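As a plain string of letters, each chain reads:
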Amino acid sequence: PHPIRPGARALAARAFAAADYMSLRDAGSARMIGLSPDGGERAVDLHVVPDPVLGIDRLWPAATLRPDYERLCARLGVPADRVLAIHVRGRSLAGQPIPEFAGELAETCRALDLVPVMIGLGSAHSDDRIARELAAALDARGCPGAALDRPEGLRDIAALLAHARAYAGSSLHGYITAAAYGVPGRLVARPAYRKFDGLVGHLDRPGDKVADWAGALAGLPAALADGRTALPVGIGAALDRHWDQMADSLSAGPAPG
């Protein structure tokens, strides 16, 4: 998300020049490293490729995750047909107290007849603690919900995101996974990193990116009305080319550079 530090630029330039295949997931990243995919003095053979996690449904098709999802809902005590997947990172709240936010989330869930399940996607960012605190605050307001703060494995997370009614959160990869399975959602882009713009640009869904949680909660009725949406056709083709070029580079073996 930041330009390469001056002291590392010479080494980085040599590494980029020696690469057999180089990919970045958005044009903003290309600008940050000082390279251009469109030609020019510092151009390299640079490929801007959608995030490969958009292909997760090829690894775990949604139908194969359904038993995991139903088991998970039974463990959490939530109805499988009314789940709203929520991810909250502390910085996305911009200082708003969790009890205050819980009140707004509870009001939205009651209006939409949804049951929120908070996902602790990144323990390094205290996501699991926030998930627990938010679940407790919702319970205190009489809003049923649950915290997936200790998933048994990656399939638990994927299953929840694949079969929830909708997703709202500040995790890029939470949104990516939901989108890969066609689940409608809203991405809270706070802080406003370039990666958020790059992703919704690939998906041609600029309206899914919102500036804050107020926008995410307000946008959920429209997201639900849109229903499940397939990824643009070009995403799969771009990922195929990406993996093929990586495989070709590895198969060719090392070359001086």
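Let us look at the structure shown here. Because the structure is a prediction, the values reported are computed rather than measured.

Some remarks on the overall build of the protein chain
- A count of helices and strands for the protein chain gives 11 helices and eight strands.
- Taking 18 Å as the expected radius of gyration for a compact globule of 257 residues, we find that the protein chain reaches 20 Å, a close match to that expectation.
- Considered along the principal axes of its C-alpha atoms, the protein chain spans approximately 65 × 40 × 30 Å.
- Within the span of the protein chain, comprising 257 residues, buried residues form 45% of the whole.
- Carbon and sulfur atoms make up 55% of the accessible area of the protein chain, which amounts to about 12600 Å² in all.
- Across the protein chain, the centroid of the 28 positively charged side chains sits 4 Å from that of the 29 negatively charged ones.

Concerning the pairing of strand E7 (residues 185-188)
- The two faces of E7 match: Gly185 and Leu187 on one face and Arg186 and Val188 on the other face are all buried.
- Pairing geometry for strand E6 (residues 166-169) and E7, over three bridges, is parallel. The residue of E7 that forms the bridge with glycine 169 is leucine 187.
- This β-α-β element, E6 to helix H8 (residues 172-180) to E7, shows right-handed connectivity.
- Note: E7 against strand E8 (residues 209-210), two bridges, orientation parallel. Bridge pairing in E8 places leucine 187 opposite lysine 209.
- For the crossover from E7 across helix H9 (residues 194-203) to E8, the handedness is right-handed.

Some words on the sheet that holds strand E5 (residues 146-148)
- With parallel pairing, the six strands of this open sheet are ordered in space as E5-E4-E3-E6-E7-E8. The outermost strands of the open sheet, each flanked by one partner alone, are E5 and E8.

So, the pattern of salt bridges
- Per the counting criterion, the structure on display carries 16 salt bridges.
- A salt bridge links aspartate 51 to arginine 25; the shortest N-O distance between them is 2.9 Å. With aspartate 51 in the loop between strand E2 (46-48) and helix H3 (56-59) and arginine 25 in the loop between strand E1 (22-24) and helix H2 (27-32), this residue pair connects regions lying 26 residues apart in the sequence.
- Judged by its relative accessible area of 31%, arginine 25 is partly exposed.
- A salt bridge links aspartate 149 to arginine 132; its shortest N-O distance comes to 2.9 Å. Note that aspartate 149 is positioned in the loop between E5 and helix H7 (154-163) and arginine 132 in helix H6 (residues 127-140), a separation of 17 residues in sequence.
- If you follow the salt bridges from partner to partner, you end up with Asp68, Arg71, Arg75, Glu152, Arg155 and Asp156 in one network.

About the thresholds
- For every chain, the first residue of its written sequence is number 1, and the numbers climb from 1 along that sequence.
- Where totals are concerned, whole chains, interfaces and linings use all residues; where local detail is concerned, this predicted model gives features only for residues with pLDDT of at least 70, and gives and counts side-chain atom pairs only at 80 or more.
- For the side-chain quantities, the full set of heavy atoms in the structure was used; hydrogens and water were omitted.
- We count a stretch as a helix when DSSP gives it H or I for four or more residues in a row; a strand needs E for two or more, and each element gets its number in order from the N terminus.
- Only C-alpha atoms enter the radius of gyration; for comparison, a globular chain is expected to reach 2.2 Å times N to the power 0.38, where N is the number of residues.
- Think of it in three bands: with a 1.4 Å probe and only protein chains considered, a residue is buried below 20% of the maximum accessible area for its type, exposed above 50%, and partly exposed in between.
- For every accessible area listed, the method is Shrake-Rupley and the probe measures 1.4 Å; residues are considered covered only by the protein chains on display.
- Under the counting rule used here, the positive set is Lys and Arg, the negative set is Asp and Glu, and His together with the chain ends is not counted.
- The atoms used to mark charge sites are NZ of Lys, CZ of Arg, CG of Asp and CD of Glu.
- Paired strands are those between which DSSP finds at least two bridges.
- Here a crossover is taken to be right-handed if, once the strands point away from the viewer, the path from the first strand over the helix to the second is traced clockwise.
- Any carboxyl oxygen of Asp or Glu that lies within 4 Å of a side-chain nitrogen of Lys or Arg is treated as forming a salt bridge with it.

Keep in mind these numbers describe shape, not what the thing actually does.
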